[in-house]
Amino acid sequence: KIIDFTVPAIPNGLLTGGSISPDGKLLASGNGYKGNITVWDTKTWELKATFKNIGLYQAITRGGSIKSIAFSPDSKTLISGDQDGMVKLWDVSDL
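Keep in mind that this is a model prediction, so the values were computed, not measured. (Residues numbered from 1 in each chain as written. Predicted model: local features only at pLDDT ≥ 70, side-chain atom pairs only at ≥ 80, totals over all residues. Heavy atoms only, no water.)

Asker: Can you lay out the sheet that holds strand β6 (residues 77–82) for me, pointing to particular residues and giving the numbers?
Answerer: Pairing is antiparallel across the open sheet formed by 3 strands, whose spatial order is β5-β6-β7. Every other strand in the sheet has two partners, leaving β5 (66–71) and β7 (87–91) as the edge strands with one partner each. On average, each strand axis in the sheet is inclined to that of its neighbour by 20 degrees, with strand direction left out of account. Note that β6 and β7 share 5 bridges and pair antiparallel. (Pairing = 2+ DSSP bridges. Helix = DSSP H or I, 4+ residues; strand = E, 2+ residues; numbered from the N terminus. Axes fitted to C-alpha atoms, helices over the stretch in contact; angles between N-to-C directions.)

Asker: Mind laying out the side chain of Ser75, listing which residues take part and the relevant values?
Answerer: For Ser75, the position within the fold is in the loop between β5 and β6. In contact with Ser75, other than residues within four places in its own chain, are Ser21, Pro22, Asp23 and Val92. (Contact = heavy atoms within 4.5 Å.)

Asker: Lay out the sheet that holds strand β3 (residues 36–41) in plain terms, naming residues and giving numbers.
Answerer: In sheet architecture, strand pairing relies on hydrogen bonds along the backbone and comes in two forms, parallel and antiparallel. Here 4 strands make up an open sheet; going across it, the order is β1-β2-β3-β4 and the pairing antiparallel. Two strands lie at the open edges of the sheet, namely β1 (15–20) and β4 (47–52), each paired on one side alone. The sheet shows a mean angle of 15 degrees between the axes of neighbouring strands, taken without regard to direction. As defined by bridge partners, strand β2 (residues 26–31) adjoins β3 across 5 bridges and the pair is classed as antiparallel. Across the sheet, Leu27 pairs through a bridge with Trp40, a residue of β3.

Asker: A description of the environment of Ser29 should follow, citing residues and the corresponding values.
Answerer: In this fold, Ser29 is placed in strand β2. Sequence spacing of Ser29 and Thr50 is 21 residues, and the spatial spacing of their C-alpha atoms is 9.7 Å. A polar side-chain atom of Ser29 sits 2.6 Å from a polar atom in the side chain of Thr38. A polar contact is formed between the side chain of Ser29 and the side chain of Trp40, at a distance of 3.5 Å. (Polar contact = N/O pair within 3.5 Å; in protein donor to acceptor, adjacent residues only side chain to side chain.)

Structure representation (structure tokens):
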């Protein structure tokens, strides 16, 4: 099944990664310029959360680029990999 949708605009950004949670309720998108991760409700397209990725690269260039993002199998944790090679876990269980 193919779902056709458009992610709401990412201000000052470049989409560098995206993932839909296994339960289908959330869409996460990574911003390659600002280094932010945004999480959207897939039914209403309401912005549920914005995570600020702060790392060494961001401190130097103001842009901790997200390279990859994925959800855990239970949809409760979002995993991101960034320009610095850091892997971070984000709690999305209450979204």
